[in-house]
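Summary of structural features
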Protein chains: 4
Amino acid sequence: MAKVNQQDPLFEKYHIRTDLALESHQVIVEQEGPPELPGVKVHTEKEEGITLTRIQVESDLGAQMMGKAPGNYSTFEAPGLRMHNRDLQERIAEMVAKEIDWFFEEAGLGPEDTVLVVGLGNWNATPDALGPRAVENLMVTRHLLEMSPPELREGLRPVSAISPGVLGLTGIETGEIIMGVVDRIGAKAVICIDALASRSVDRLCSTIQISDTGIHPGAGVGNRRLAINKETLGIPVIAIGIPTVVHAVTIVSDAMDLIEQGRVSNGSEELPSRVQFSIDPEAIRGNQEQSVRPQVRSLDKRQIMSQVLEPYFGSMIVTPKEIDQLIEEVSDVIAGALNTSFHAGVSYDEVFKYLS
Amino acid sequence: MAKVNQQDPLFEKYHIRTDLALESHQVIVEQEGPPELPGVKVHTEKEEGITLTRIQVESDLGAQMMGKAPGNYSTFEAPGLRMHNRDLQERIAEMVAKEIDWFFEEAGLGPEDTVLVVGLGNWNATPDALGPRAVENLMVTRHLLEMSPPELREGLRPVSAISPGVLGLTGIETGEIIMGVVDRIGAKAVICIDALASRSVDRLCSTIQISDTGIHPGAGVGNRRLAINKETLGIPVIAIGIPTVVHAVTIVSDAMDLIEQGRVSNGSEELPSRVQFSIDPEAIRGNQEQSVRPQVRSLDKRQIMSQVLEPYFGSMIVTPKEIDQLIEEVSDVIAGALNTSFHAGVSYDEVFKYLS
Amino acid sequence: MAKVNQQDPLFEKYHIRTDLALESHQVIVEQEGPPELPGVKVHTEKEEGITLTRIQVESDLGAQMMGKAPGNYSTFEAPGLRMHNRDLQERIAEMVAKEIDWFFEEAGLGPEDTVLVVGLGNWNATPDALGPRAVENLMVTRHLLEMSPPELREGLRPVSAISPGVLGLTGIETGEIIMGVVDRIGAKAVICIDALASRSVDRLCSTIQISDTGIHPGAGVGNRRLAINKETLGIPVIAIGIPTVVHAVTIVSDAMDLIEQGRVSNGSEELPSRVQFSIDPEAIRGNQEQSVRPQVRSLDKRQIMSQVLEPYFGSMIVTPKEIDQLIEEVSDVIAGALNTSFHAGVSYDEVFKYLS
Amino acid sequence: MAKVNQQDPLFEKYHIRTDLALESHQVIVEQEGPPELPGVKVHTEKEEGITLTRIQVESDLGAQMMGKAPGNYSTFEAPGLRMHNRDLQERIAEMVAKEIDWFFEEAGLGPEDTVLVVGLGNWNATPDALGPRAVENLMVTRHLLEMSPPELREGLRPVSAISPGVLGLTGIETGEIIMGVVDRIGAKAVICIDALASRSVDRLCSTIQISDTGIHPGAGVGNRRLAINKETLGIPVIAIGIPTVVHAVTIVSDAMDLIEQGRVSNGSEELPSRVQFSIDPEAIRGNQEQSVRPQVRSLDKRQIMSQVLEPYFGSMIVTPKEIDQLIEEVSDVIAGALNTSFHAGVSYDEVFKYLS
């Protein structure tokens, strides 16, 4: 799973690891205080039980601050996804399908353009198996359409799908496998499905992010070194991700924040000095070489914790107890959304009749 | 998975959750400072890469302090088990086999006495699947011996095995299923295999505990309400457990300890006051009703954290990233140890020849 | 899987192995020619794509001829189940639910009487995994109801479920485990789900049999020696089975029948003598000791084939290529039918509200 | 799974489906009687419990007669592989490793040349899952070696591996995926592992074929349309296959042969006319259009059976009852053989030391 991406400014500065643009944005706003980031547009919509936030990162400065590439990020938050709620699962799948449609239009993708769906991650490790599981329930049609006469194919999208595995299983960078296949089959767009790491346990298996900026090295739960995006593949890459783990080190920072907040919410505003984590960074760092100049005390704290805890907790992940069932459910939501988006409003009856 | 057992004095007092007697003992010694607990004998043996600690809880007072029933607890610690080291796996399986032999002798179990091995836990949840996985690799022989003529059965142990599932899957308490089966087949002893929770991430999948005190309500990763022990079953119960998760709340406490220690190890002994978690319990608790009277400041801290964090992290577990592979490996170690212990020094050739 | 039950008159006489009463009945009518069997009532209903045949075996003579215990056998035939047809799956699940209701009434089972569902078979062998798979999707409620106040439980049925495994995995007769659990939990009826063997490949995964005669030694795909029925358990046993395999020896006989029929359907009625399997039993048997006196030439042929082929094909089974997917689908149909039957017309909302 | 390859002369003529060159050869010798085929060399070696037959198809005529491409075919027969015999499994893995070495030499492959191992087949269908299962246990090293300094890589072979899935799951021809990956990573040879169909049930999971002629359309258990061989990939392709299924139609023919042989072995040589399948092809075929001119009566019989049975049994396969366990075992044998062959005599200690 993900080694820390050393180029991630968010991690470098705040020692927070998250693959969600929504959380990156929140951290900057929380920590640095600006009501708005330059060149970053945020738009929020709500309906019963579901919040959809669209973040548009237009400037390089905004991208750099957030540690996310310029582009579009749409994020669905639906805490009810953790409650095994079938109705909500179906409602959100429909909304995700519509959002994918928007990304397809934005990418200039025609209704008959071939897409390759890629289920990233390790099928042997439950929290990383989101992509392969979603791909299992996908309706692939490329081979059927190839065998049909052209007049029947009208308006139908050839869909193909692979689960390339992870570097440790194959010895091959996932990106290399995808490039090879894209070249071969002449795909016009790639849809990547990937398990993500979030900062907050509340978001695990209850948040879905769609973006058009691809997958970056070190992102996702799996460990990747090669970017999977428009630059490397030459075609649009749409990434759909769901956070399934929080890194153990991250949870400790969050816990400390919660405890501090807990203090406040207990009505003891008048005694702030008595309740705090008064870690003195100088005392801990001693004569370590450190070029980073912490601006805020609380950030400093995170950095120190990260250094101290990494050797102990670095290979530990935090997941909900019922992760196996949740992965089943949310991978079904994604597969359902894609099946709807790919094949909506189209009757395959004629094609199938021809083929059988 | 385990709801907190409210009667566990260790949790009530120190807010530490562990199923390992070894860790309970350490906590008491650390927190309360006595070099020895009354009526608790501890004996340690070491060989390359493996530490075996035998704890004998003889007095009710010691049992009460540790929150563990009186009896014998043998614990193997072998950090190398996390390194996928085959040789170590085989060496430790042999040592575990010998230790099981000792527990059998202690329980007065004869070489031809039928045993029932029970794989506790939920096969659908990776960290809880230890028991069912171990049982899959067990050599069961009861049915073969029943079909053989008596003269061939001499010295052979009839072994049977079940994985009863968990309450949420069956609607039946695990203990009820075991009682029903034990009655039917006339088993002379039960061996339970179970995934445990530990306090420390270092012990995950690297520690094996064998005990003769059975399984207690709320213990193990799974949630059980009925004890599985000599009192309820009427026959000796030997429990073999491996910690596979740490509760998320527990990890935060441990992290804070590490950070405080980190400070010290950075040579800043002279500045203790500047580096600490100076939580003031009064400030946090405010007007909450609290009858517990904390004795030591550090305990207080744990208790408060536990209260604040439980609603957020209560359903979260911490596991190694590669838990799927580790579960495979350690369940093989247990199955190997049991196969060796059950069938050691005996040739099944004649039996099999007769049967085929 | 099933060793031949030597007491099965159908096998002894016609060397046909089937767990379906419907097929037994057909064989007798075909081979012995009576329009009706004494004490056996047959009633057929049809609706689009589904045929339901109810066979009532009332006399011991009829039972003996068919090699099936006296009682009720309802069989759904729906060739479309092999076509992955969702609508049909749902329609048939509803019909099966209603038929189960009828069996419950017949058994005098009240709406609040506890039932134990038993998923028979080996979860590691795909064609034998029907029972365990169906149980995975069952809504178990016994533990929830036990925790609710009596006034909320009114009209609700406590459902529990186990998958006891097979003799080779546990060393314990499946029947023994069931008896033990039934005693413990005070179940009022047992529902067994089991993979069956049929005579015809057409019936694989497209036929569902419900009966109230229990499971008999040697029946089912798995090899059982102990009957699971009202006599052994003391409570009604309703068995739901779906054929998933044909024994390889059986398929050869059927193939020969097909070839002979093929001849006829090719319009060569006038040349019967030139197209036939003219096996001379005397020539084959030579000086073997054989007490069976074949009445009909075609039976003789089957018997000889069975003797010659058993050593070669005895451990071979015939299944559809896509058996893994079919097992998933039909186990869902059974689980759906049971969930409907058990919990129909009842709102669990209040119970769940109380519990959460 | 495999649709019939219409160009297969063996099927066209004798209606026998087999992917084993050994069986093709036998059929020709049996049916057409020549002691030797032109341009086909056969060499047999035996050791305890294992027979190794090397067939060299040198001429196009021989290739055409056998329906197999010109090249080398080495086949291990070890009936004991069906008996779960560990010792035999290890002995045969070593022999297979040596044979693979020979194929590597023959292909001019250097010790540091990158190989890509391809696990063909459908992981969701047990008898077709041989390839993906074997790949799971393979030691892949390409990514490790790429990260090591050149001086440590000396003499080490970079091994990579993929399981590309099947057309129905991906919408992409397996051959296309392999070509794409081979191009990307610059592999010097491809090793394909595939489940095969054999003619005889005795060979299921007890026979291993290694060949250098690649995988041909319609071969293997899965249905492929694109050849995977030196012509299409531009690099040597070595295929390792194990028969896991017999087509249901094929088993019927074999059964009839067995019955006829059974007659003879019963000592009734003097009564041949009374015991035979005297199918008259004219009588069956009637006015069907048939251009094939059968030469021998027994062939005719097969052809007719094939025509009559195909609609009924065409989608049915025959496997051993314990196929799940057997697939586990034989895929371990192949993975073990490849690990030995790839990494024999080389210490990875230094590499691993460097990397960790």
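Residues numbered from 1 in each chain as written. Chains lettered and ligands numbered in written order. Predicted model: local features only at pLDDT ≥ 70, side-chain atom pairs only at ≥ 80, totals over all residues. Heavy atoms only, no water.

**Brief notes about the overall build of chain A**
For chain A, the count of helices and strands is 15 helices and 10 strands. The buried share of chain A, reckoned over its 356 residues, is 62%. At a minimum sequence separation of 6, the contacts of chain A that also span at least 24 residues come to 74%. In the structure as shown, chain A presents an accessible area of about 13,900 Å², 48% of it carried by carbon and sulfur atoms. (Helix = DSSP H or I, 4+ residues; strand = E, 2+ residues; numbered from the N terminus. Buried < 20%, exposed > 50% of the residue type's maximum accessible area, 1.4 Å probe, protein only. Contact = heavy atoms within 4.5 Å. Areas by Shrake-Rupley, 256 points an atom, 1.4 Å probe, with all protein chains shown as cover.)

**Digging into the side chain of Glu176(C)**
Following the sequence through the fold, Glu176(C) ends up in helix α9 (residues 174–185). By relative accessible area, Glu176(C) is classed as buried at 16%. In this structure the side chain of Glu176(C) is engaged in a polar contact, spanning 3.3 Å, whose partner is the side chain of Arg142(B). (Polar contact = N/O pair within 3.5 Å; in protein donor to acceptor, adjacent residues only side chain to side chain.)

**Re the pattern of salt bridges**
Under the counting rule described, the total for this entry stands at 48 salt bridges over all chains. A salt bridge links Arg17(A) to Glu310(A), with the shortest nitrogen-to-oxygen separation between them at 2.7 Å. Residue Arg17(A) is found in the loop between α1 (9–14) and α2 (21–32), and its partner Glu310(A) is found in helix α13 (residues 297–313); the two are separated by 293 residues along the sequence. According to the relative accessible area criterion, Arg17(A) is buried, its value standing at 10%. Among the ionic pairs, Arg133(B) bridges to Glu328(B), the shortest N-O distance being 3.3 Å. Taken together, the positions of Arg133(B) in helix α5 (residues 130–136) and Glu328(B) in helix α14 (residues 323–343) put the pair 195 residues apart, joining distant regions of the chain. (Salt bridge = Lys/Arg side-chain N within 4 Å of Asp/Glu carboxyl O.)

**With respect to unusual backbone geometry**
At Cys205(B), a residue that is not glycine, the phi angle is positive and equals roughly 60 degrees. Mapped onto the elements, Cys205(B) comes out in the loop between β6 (189–197) and β7 (207–211). The class of Cys205(B) is buried, set by a relative accessible area of 0%. At His84(D), a position not held by glycine, the phi torsion is positive, near 60 degrees. Tracing the backbone through its elements, the reader meets His84(D) in the loop between β3 (71–77) and α4 (86–106).

**Brief notes about the domain arrangement of chain A**
Residues and elements named next belong to chain A. Splitting chain A by domain gives domain 1 (9–242 + 325–355) and domain 2 (250–317). Run the count over domain 1 and domain 2 and you get one salt bridge. Where domain 1 packs against domain 2, one counts one residue pair in polar contact (both at pLDDT 80 or more). Of the residues in the side of domain 1 that touches domain 2, the class split is five nonpolar, three polar and four charged. (Domains from an automatic or database assignment. Nonpolar A, V, L, I, M, F, W, Y, C, P; charged D, E, K, R; others polar.)

**Observations concerning helix α2 (residues 21–32) of chain D**
Across its 12 residues, α2(D) extends 16 Å between first and last C-alpha, which sits within 8% of the 16 Å expected from 1.5 Å per residue. Among the residues trailing α2(D), Gly33(D) stands out with phi positive, at a value near 80 degrees. (Expected span 1.5 Å × (residues − 1).)

**Side note on the packing of aromatic side chains**
In the structure shown here, the tally under the stated rule is eight aromatic pairs over all chains. Ring plane angle 90 degrees and centroid distance 5.1 Å describe the contact between Trp102(C) and Phe103(C), whose orientation is recorded as edge-to-face. (Phe/Tyr/Trp six-rings, centres within 6.5 Å; stacked < 30°, edge-to-face > 60°.)

**Some remarks on the pairing of strand β10 (residues 316–320) of chain B**
Most of β10(B) sits out of view: five of its five residues are buried. Residue alternation in β10(B) divides its side chains into two sets, Met316(B), Val318(B) and Pro320(B) and Ile317(B) and Thr319(B), and both sets are buried. In the sheet, strand β10 (residues 316–320) of chain A pairs with β10(B) via five bridges, with the strands oriented antiparallel. In the strand pairing of β10(B), Val318(A) is matched with Val318(B). Sheet topology note: the strand β8 (residues 237–247) of chain B/β10(B) ladder contains two bridges and is antiparallel. What sits directly across from Val246(B), in β10(B), is Val318(B). (Pairing = 2+ DSSP bridges.)

**Description of the packing of α4(D) against helix α14 (residues 323–343) of chain D**
All names here are of chain D. Closest axis-to-axis distance for the α4/α14 pair is 8 Å, and the angle between their directions is 50 degrees. The angle between α4 and α14 falls in the class oblique. Handedness of the crossing formed by α4 with α14: right-handed. Contact residues: Gln89, Ile92, Ala93, Val96, Ala97, Ile100, Asp101 and Phe104 in α4; Glu329, Val333, Ala337, Leu338, Thr340, Ser341 and Phe342 in α14. Residue composition of the contact of α4 with α14, grouped by class: 10 nonpolar, three polar and two charged. (Axes fitted to C-alpha atoms, helices over the stretch in contact; angles between N-to-C directions. Parallel < 35°, antiparallel > 145°, perpendicular 65-115°, else oblique. Left-handed = near helix turned anticlockwise from the far one by under 90°.)

**With respect to the environment of Gly131(A)**
Residue and element names in this part refer to chain A. Within the element layout of this structure, Gly131 appears in helix α5 (residues 130–136). Among the residues examined, Gly131 registers a relative accessible area of 0% and is labelled buried. For Gly131 and Val117, which are 14 residues apart along the polypeptide, the C-alpha to C-alpha distance reads 9.4 Å. Residue contacts for Gly131: discarding those within four places in its chain leaves Gly119, Leu120 and Ile193.

**Topic: the relation of the copies chain A and chain D**
In screw terms, the move from chain A to chain D is a rotation of 180 degrees and a rise of 0.0 Å along the axis, fitting with an RMSD of 0.0 Å. The transformation relating the two chain copies, once decomposed into turn and shift, fits a two-fold axis. Using C-alpha coordinates, one finds that chain A approaches the rotation axis most closely at Gly180(A), a distance of 2.0 Å. (Least-squares fit on C-alpha atoms with pLDDT ≥ 70 in both.)

**A look at the interface of chain A and chain D**
Residue-level contacts link 29 residues of chain A with 29 residues of chain D. Between chain A and chain D, roughly 2,200 Å² of surface is buried when both sides are summed, and carbon and sulfur atoms account for 53% of that area. On the surface where chain A and chain D come into contact, there are four salt bridges. Close ionic contact of Arg142(D) with Glu176(A) constitutes a salt bridge, the shortest N to O distance being 3.4 Å. Taken together, the connections running from chain A to chain D amount to 10 residue pairs in polar contact (both at pLDDT 80 or more). Among the elements of the structure, α6 (142–146), β5 (159–162), α8 (167–170) and α9 (174–185) of chain A are those that each provide at least two residues to the side of chain A that touches chain D. The biggest single contributor to the side of chain A that touches chain D is α9(A), with eight residues. Here the side of chain A that touches chain D is built from residues that sort into 14 nonpolar, seven polar and eight charged. (Buried area = accessible area lost by both parts, 1.4 Å probe.)

**With respect to the side chain of Ser74(D)**
All names here are of chain D. Structurally, Ser74 can be placed in strand β3. Within the structure, Ser74 has its side chain in polar contact with the side chain of Glu99 (distance 2.8 Å). Aside from chain neighbours lying at most four places away, what touches Ser74 is Leu52, Thr53, Arg54, Glu99, Phe103, Ile208, Gln209 and Ile210.

**Observations regarding the state of the cysteines**
Applying the stated criterion across every chain yields a total of zero disulfides over all chains. Free cysteine: Cys205(A), not disulfide-bonded; nearest cysteine sulfur from Cys192(A) at 19 Å. (Disulfide = S-S within 2.5 Å.)

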